[in-house]
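# An overview of the molecular structure
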Amino acid sequence: MRMKSQLLSILGAGTLLAGGAMADTTLVYGDNSGKETTRMLLTADAVKVSSNDQTNTDVIFNGNKTEFVVVNHDEKSFMVFGEKEIEALSDVSAMMDRMLEKQMANIPEAQREQMRGMMESMIKSQMPKQAAAPVYKKSGDSKEYNGYSCDVVVKSVEGQSSGNFCVTEYGKLDVAPAEYAVISKFMKIAEKMASQFGQDNSMNFASIGEVLPVYFKDAGQTGILMDVDNGDIDAALLTVPEGYKQQELPKEMF
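Only a predicted model underlies this, so the values are computations on that prediction, with no experimental measurement involved.

Cut-off values and rules
Residues numbered from 1 in each chain as written. Predicted model: local features only at pLDDT ≥ 70, side-chain atom pairs only at ≥ 80, totals over all residues. Heavy atoms only, no water. Helix = DSSP H or I, 4+ residues; strand = E, 2+ residues; numbered from the N terminus. Buried < 20%, exposed > 50% of the residue type's maximum accessible area, 1.4 Å probe, protein only. Contact = heavy atoms within 4.5 Å. Pairing = 2+ DSSP bridges. Disulfide = S-S within 2.5 Å. pLDDT = per-residue confidence, 0-100. Core = buried A, V, L, I, M, F, W, Y, C linked by side-chain atoms within 4.5 Å. Salt bridge = Lys/Arg side-chain N within 4 Å of Asp/Glu carboxyl O.

## Some words on the environment of Lys-245
As for its placement among the helices and strands, Lys-245 is situated in strand β12 (residues 245-246). Judged by its relative accessible area of 58%, Lys-245 falls in the exposed class. It is 6.3 Å that separates the C-alpha atoms of Lys-245 and Phe-78, two residues lying 167 residues apart in sequence. The residues contacting Lys-245, other than those within four sequence positions of it, are Lys-76, Ser-77 and Phe-78.

## Thoughts on the sheet that holds strand β11 (residues 221-229)
With mixed pairing, 12 strands are arranged side by side in an open sheet as β7-β8-β9-β10-β11-β1-β2-β3-β4-β5-β6-β12. One side of each edge strand has no neighbouring strand; the edge strands of this open sheet are β7 (135-145) and β12. Where strand β1 (residues 25-30) and β11 come together, five bridges link them in antiparallel fashion. Looking across to β11, one finds that Tyr-29 is bridged to Leu-225.

## Focus: the state of the cysteines
This model, assessed by the stated rule, comprises one disulfide. Paired through a disulfide, Cys-150 and Cys-166 show a sulfur-sulfur distance of 2.1 Å. Here the disulfide of Cys-150 and Cys-166 is right-handed, its torsion about the S-S bond being about 95°. Placement of the pair is Cys-150 in strand β8 (residues 148-157) and Cys-166 in strand β9 (residues 160-169), with a sequence separation of 16 residues. Exposure class is identical for Cys-150 and Cys-166. Each is buried.

## Some points on the confidence of the model for the chain
The share of residues in the chain with pLDDT of 70 or more is 69%, and the mean pLDDT across the chain is 80. Every residue in residues 15-21 is under pLDDT 50, and counting partners more than four places away or in other chains gives 22 contacts.

## Regarding unusual backbone geometry
Of note in this structure, Thr-66 is not a glycine but carries a positive phi near 50°. Summarising the element assignment, Thr-66 is placed in the loop between β4 (57-62) and β5 (67-72). Non-glycine residue Asn-146 carries a positive phi angle of around 50°. One can find Asn-146 in the loop between β7 and β8. With a relative accessible area of 53%, Asn-146 lands in the exposed category.

## Considerations on the nonpolar core
In terms of nonpolar packing, the biggest core is built from 44 residues, with Leu-27, Phe-68, Phe-165, Ile-183, Phe-186, Phe-205 and Leu-212 touching the most fellow members. Val-69, Val-71, Phe-78 and Tyr-244 belong to the second-largest nonpolar core, a separate cluster that totals five residues.

## With respect to the pattern of salt bridges
Overall, the coordinates contain four salt bridges when judged by the stated rule. The salt bridge involving Asp-151 is made with Lys-138; its shortest N-O contact spans 3.7 Å. Of this pair, Asp-151 sits in strand β8 while Lys-138 is found in strand β7, placing the two residues 13 residues apart along the sequence. You can call Asp-151 partly exposed: its relative accessible area is 32%. Judged by its relative accessible area of 40%, Lys-138 falls in the partly exposed class.

## Re the pairing of β8
Two strands pair when backbone bridges link them, and β7 and β8 are joined in this way by eight bridges, in the antiparallel orientation. The residue of β8 that forms the bridge with Tyr-136 is Lys-155. Joining the antiparallel neighbours β7 and β8 is a turn of two residues, in which Asn-146 adopts a positive phi near 50°. The sheet contact formed by β8 and β9 spans seven bridges and is antiparallel. Bridging across to β9, Val-152 finds its partner in Cys-166.

## A few points about the environment of Lys-188
Position of Lys-188 among the secondary structure elements: in helix α5 (residues 177-196). Separated by 16 residues in the primary sequence, Lys-188 and Asn-204 have C-alpha atoms spaced 5.7 Å apart. Excluding residues within four positions of it along the chain, Lys-188 makes contact with Asn-204 and Ala-206.

This is the structure in structure tokens:
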């Protein structure tokens, strides 16, 4: 269960979303009442997404290492998903085969094929159905939220409307090119992983331009851009708090 919750944290963070003399950027999103729901910290090296929801987790993405760190504040623990783990989670079928081989290692060869069929059927029944990649299309309309103008975008999955967004070019939010490169990489990976786990709540706007959301309503979450801060971000905010314990990932999955 912990593993699933960590994955959902990454996928959900993908929905939203120090470089020397270059300024950093903090994007703060809120709900219709003005209460903060999501905070995104952007630097030239990393992205951190914090959501005010029931999970009480942060997701930190290191663009240089291509590494996700999911921090669970309730348990004072964290998990690290590096390139090897990301690659495995992006191909559920191959991961399932590895799990089967591990579990059947001690089964006599004569019984292996029969057992494989039974175990494969059981595992498949518990795995989520892979989802098609979302399609994003500009509607042609434009809106304004808290002084930020944006273009309305409709997201659909297999022809069915899945979410509504309003986006603007990242430069209009004073986000630097290096910062955008990191969060764009983050969103692309999150979308690929989301589709493998039957999720469509990712955000990857690469098909319509180099943009970021000013407004989003997707998977039961609403975010309206309330503030853009281009002050320097303390490097300590992009690390795991001292004293937190690292949780090991199930080795048979990878």
